[in-house]
Structure formats: C-alpha cells, structure tokens
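The lines below spell out each chain.
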Amino acid sequence: MPVESGSSAASRQAKQKRKSHSLSIRRTNSTEQDRGGLQRDLMESQDSKLPVSLRSNLLDLFGQIEREFENLHIENLELRREIETLNDRLAAEGQTLEGGDLAKGALKTKASHSTSQLSQKLRTTYKASTSKIVSSFKTTTSRAVCQLLKEYAGHRDGIWDLSVSRTGPLVLGTASADHSAMLWSIETGKCLLKYVGHQGSVNSIKFHPTEQMALTASGDQTAHIWRYMVQLPTPTPAADLTQQQPPPYEEDGELSDREEPDGEGEGPSECPCVRVAATTLRSHQGVVIAADWLVGGRQVVTASWDRAANLYDVETSELVHSLTGHDQELTHCCTHPSQRLVVTSSRDTTFRLWDFRDPAIHSVNVFQGHTDTVTSAVFTAGDNVVSGSDDRTVKVWDLKNMRSPIATIRTDSAVNRISVSVNQRVIALPHDNRQVRLFDMSGVRLARLPRSNRQGHRRMVCCTTWGEDSASCNLFSCGFDRQAIGWNINIPALLQEK
C-alpha cells in the first residue's frame, strides 16, 4: 500500500479547504437563487394587476427590509448580553464596595436617595398639574338633576337665538334662519305669534324690560322693534317625551332630505302673524348679528358684520353712537342688567367693554383673552363678564380687575352663545358637538344635559337662555335641528351657596 509524503498531504488539505469554500459560496448563491426563484413562483402564483417589474422591485425592497431587521435583532441580542455582563460586574463591585470603601458606598447611597427625591417631586408636580386639567372633564352627574320637559318645533330652518320675556305674559321667543321669529307658550309648547317682517335670517331676539315689545336683528342689515299681544292657552298635562317618536332624522343624526318637517302641527300654521315693525333701525352696511336693550329700554345696541356696533334711541330711531374699533366682524353684543354698560365680541379674538354711565364721556376697554373668535360675552347679575370662544374655552372675568380671568373652563368643542342664570349663577354652554354643559362661576362642571337618539339636540346647539320665572322649564336651548328645548335644572342648595 503506497504511503503519502508530507507535501502531498498538505496539498490535499489545501484542495479540500478550497473545495469546501467553493461549496459554501455555491450554497450561498444557490440560496439567493432559490429565494429569487421562490419570489418568481410567488409572483406567478398570485393574481395582481401590478406589472411584473414593479412587483419584483417591491419584493427586493421587502427582502432588504427583512435583512435590516435581522441585523437589528442580532445587535439587540448582543447589547442585551453586554448589559447582563455589566450588571454582573456592578453587582460584584457592589459586594466588594460594601466591605471595602465605605465613603464611596455612602456617596452612592446619598446619590440614589437624592435621585428618588427628585423623581418623587416630578411625579407630585405632574399629578398636581394634570389634576387641574382633568378636573374640568370629570363627570359630576350628581351635582345637578336635568330633565327635558318640552320641545318647541315649527321653524323651517335652524334657530340661531332664543329669549324669555321679562314681563307677563311669560313667553319664549325664537329667532330662525327661515326669516321669522316666533313666540311660544312655555307650558304648552304652542306657537302664539309669528313675526315675518324681516327679509333675511333673523339672528337674535330680545324682549323689552317692561313692555310687550321685541327687538330682532336680521341678515337684511336692519333691526326691528315690534309689539305683540298674546293670550296664553290653558296648560295641559305634560306628556312623556321619552315615549314619543323622534323627528325624521337619518342614522347619522342629520335631518332627512326626504322627510323635512314643514311646520304643520299644532301651532305654527295656525298662529297669527305680525308683518310690519313698529320701528326699523337702519344704518349698518352688513348683517346685523345681534341686538339688545339697554337698561330702562329707551336705547338699543346692535352688532354687525360691518365691524361696528350702533347705539340707537328707540323713540326717534336715530343713531346716537357708532362704536368702532374691532378689526373683524362682530359676533354678539350684550348689555348689563342694571348699568349702562355694553360688551361686544368679535372674530378678531377680542371683546370690548363700552361704558355709557357718564353721558358726556364713553370709555372702552379691549380684552384679549382668547385665541380664536369670541362667539359671545355676557354680563352676570354681579360684577362679572363671561366670554365664550371657538378656541373651546370659557373665561370668567371680574369687572373690577379684568387683567386676567378669575376662572377658565376648557372644553372639547367650540362654544356658542352662552348664558348665566341670575339666581343660581350657573353658566350654560352650548357646543358645536350638540352638547350642552353646565358649570359654576368657579369653573367646576355641574352637569351635561342628556342627549340620545330620542331626546336632546341632533345638530349644533346655537344658544342657551335661562327663564327662572317659569314654573316648569328654567333653561332653554336651541340649535340647527330646527327646535328649541325646555329643561328643568335642579341644583342642590349647598352648591348654590358656594
């Protein structure tokens, strides 16, 4: 049997190494080829409208992404091993440290203690800061009892504004985009009178403090003062509204185009109409969006999209003052219940306080507390102003010091024309998202009016007003679902004292 020499054995080992290396290369290439063949098979087996070249490029890209993730996974495993090694070292050094250098151990203990104190302080600060924000969103249904009592339906378009008369007979007035204003019996829900003297959308309605007169503002660039005489019907037992069928709405809460309510029913088509105004106020060059009576009822103020508010004498219909200064269209105006003060709000994110207590001089103060359109600003019975905005906030201000608000209410939707109850000092917030929420003057949430598929508003809520002299309903709301709603709000006496 022949014996191999050393040189021949070494050459044979080198040949085997080269052969194994070439085999590994061929295996790698074959793997890539198999993967490419598998991709081609997948492309051929699956139905797709994409071009073959595009699908091939996509598969190549996904392959590269997969390889990147594989590399990241391997790096992650290596880093974990290194971390475990470092932890083991630290644990071993800690054991040595306890028996050796006590000064370093004490330093380490002090550092860990200070770190724990800092983290605890951060957690406490975080909880304190977030609790202030979260408190305004907490559900507090036990603070007030809210019940829907009456619905007032009959307008052919959305209702922008509503108001309750200040003297008897006690009626509810609504101003609608259907060019009309209506007076309703609060107890029965029946339409008592309809005013059709405007040629445009009726944007607001306010009642005279002592006489049976109403003031309406319209998109026809005028404000009208008109008289009314109504006789209240005999009230009937209230029906259970929860058992009644809802108006014809689609599943998404919108009015059905196929079954729009046209106002027939028990009131609107039968109630008498007033067609001519007793006084017409003309001087604006744009839509008159709001109007209100000054204390005493001898003067009125109007707010317009022409960026001005006008003060008129009721008896002569003459323009007394033109209040200019807003940079954009006005959205609302309101008068103080006992003083000659006017507040106007605007799309320029400000509201202005006009002082007419001195007949010789009228002063004005500008307040910039919001970041979006101020939709309304109203006086309270005391020395406060409450402003609402499209920036989803409501702010309470003190007339004696209006540098900064004394309370801020943050909500989840734009706020429309707000109202404040005289007796209970509760703010009613109508929202774009169909909700109505109640807050006290310190910004604490009291309740949210119930809303479901069978009750409540189904579109944007435009306005709220309080009618605390009514025997049944003491809060009213209206919206673009063409109806007004009467609510009974019962707030515990303890909360009213606060």
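Everything here concerns the structure above.
Residues numbered from 1 in each chain as written. Predicted model: local features only at pLDDT ≥ 70, side-chain atom pairs only at ≥ 80, totals over all residues. Heavy atoms only, no water.

Draft legend 1. Broad picture of a nonpolar patch on the surface. On the surface, a nonpolar cluster with roughly 760 Å² of combined accessible area is contributed by Leu50, Leu54, Leu58, Leu61, Phe62, Ile65, Phe69 and Leu72. Tracing the sequence through the fold places leucine 50 in the loop between helix H1 (6–45) and helix H2 (52–99). The exposure class of leucine 50 is partly exposed, given its relative accessible area of 41%. (Patch = residues over 30% accessible without salt bridge, like charges linked within 9 Å, V, L, I, M, F, W, Y side chains within 5 Å. Areas by Shrake-Rupley, 256 points an atom, 1.4 Å probe, with all protein chains shown as cover. Salt bridge = Lys/Arg side-chain N within 4 Å of Asp/Glu carboxyl O. Helix = DSSP H or I, 4+ residues; strand = E, 2+ residues; numbered from the N terminus. Buried < 20%, exposed > 50% of the residue type's maximum accessible area, 1.4 Å probe, protein only.)

Draft legend 2. Region of interest: the pattern of salt bridges. Inspection of the entire model under this criterion finds eight salt bridges. In this structure, the salt-bridge partner of aspartate 292 is arginine 166, at a minimum N-O distance of 3.9 Å. In this pair, aspartate 292 is assigned in strand S11 (residues 288–293) and arginine 166 in the loop between strand S2 (159–164) and strand S3 (171–176), connecting sequence segments 126 residues apart. The buried category is assigned to aspartate 292, whose relative accessible area is 3%. Here the salt bridges do not stand alone but share partners, grouping Asp161, Lys206 and Arg417 into one network.

Draft legend 3. Representation of the state of the cysteines within the structure. Considering all chains together, one arrives at zero disulfides under this definition. In this model cysteine 334 remains outside any disulfide bridge; the closest cysteine sulfur is found in cysteine 333, 7.7 Å from its own. (Disulfide = S-S within 2.5 Å.)

Draft legend 4. Expanded view of the nonpolar core. By size, the foremost hydrophobic cluster in this structure holds 25 residues, and its most contacted members are Phe351, Val386, Ile427 and Leu429. The element best represented in this core is strand S19 (residues 374–379), accounting for four residues. In contact with isoleucine 427, not counting residues within four places along its chain, are Val386, Val396, Ile409, Ser419, Val420, Arg437, Leu438, Phe439, Asp440 and Met441. In terms of nonpolar packing, the next biggest core, distinct from the first, is built from 17 residues, Ala447, Val461, Trp466 and Ile489 among them. (Core = buried A, V, L, I, M, F, W, Y, C linked by side-chain atoms within 4.5 Å. Contact = heavy atoms within 4.5 Å.)

Draft legend 5. Up close: empty space enclosed by the protein. Applying the stated criterion across every chain, the model contains one cavity of 30 Å³ or more. Its boundaries defined by the atoms lining it, the largest cavity holds a volume of some 40 Å³. What lines the largest cavity is simply Arg434, Gln435, Val436, Leu449, Pro450, Arg451, Gly456, His457 and Trp487. Considered class by class, the residues forming the lining of the largest cavity number four nonpolar, three polar and two charged. (1 Å grid on protein atoms, 1.4 Å probe; cavity = no way out; pocket = protein on both sides within 12 Å on 5 of 7 lines; lining within 4 Å. Points joined across faces, edges and corners; volume = space filled by probe spheres on them. Nonpolar A, V, L, I, M, F, W, Y, C, P; charged D, E, K, R; others polar.)

Draft legend 6. Representation of the sheet that holds strand S6 (residues 202–207) in the model. With respect to topology, four strands assemble into an open sheet ordered S6-S7-S8-S10, the strand pairing being antiparallel. A single partner strand is all that each edge strand has here, and the edge strands are S6 and strand S10 (279–282). Each strand of the sheet is rotated relative to its neighbour by a mean of 20°, with strand direction disregarded. With four bridges joining them, strand S8 (residues 222–227) and S10 adopt antiparallel strand pairing. Opposite threonine 222, over in S10, you have arginine 282 as the bridge partner. (Pairing = 2+ DSSP bridges. Axes fitted to C-alpha atoms, helices over the stretch in contact; angles between N-to-C directions.)

Draft legend 7. Up close: the layout of surface pockets. Of the volumes computed, that of the largest pocket is approximately 960 Å³. Lining the largest pocket are 39 residues; nearest its centre among them are Arg166, Val420, Val422, Thr465 and Trp466. Of all the elements in the fold, those that place two or more residues in the lining of the largest pocket are S2, S6, S11, strand S15 (330–335), S19, strand S23 (419–420) and strand S27 (461–466). In the lining of the largest pocket, the residues fall into 18 nonpolar, 14 polar and seven charged.

Draft legend 8. Molecular detail of the pairing of S3. In terms of residue burial, S3 counts as a mostly covered element, since six of its six residues are buried. Burial along S3 is two-sided: Val171, Gly173 and Ala175 and Leu172, Thr174 and Ser176, pointing in opposite directions, are all buried. Relative to S3, S2 is paired through five bridges, and the arrangement is antiparallel. Each residue of the ladder has a partner; that of isoleucine 159, found in S3, is serine 176. Linking two consecutive strands that pair antiparallel, namely S2 and S3, is a turn of six residues. Here five bridges tie S3 to strand S4 (residues 181–185), and the two strands are oriented antiparallel to one another. The residue of S4 that forms the bridge with valine 171 is serine 185. The antiparallel hairpin formed by S3 and S4 contains four residues in its connecting segment, where histidine 179 sits at a positive phi of about 75°.

Bear in mind that shape data such as this cannot, by itself, settle questions of function.
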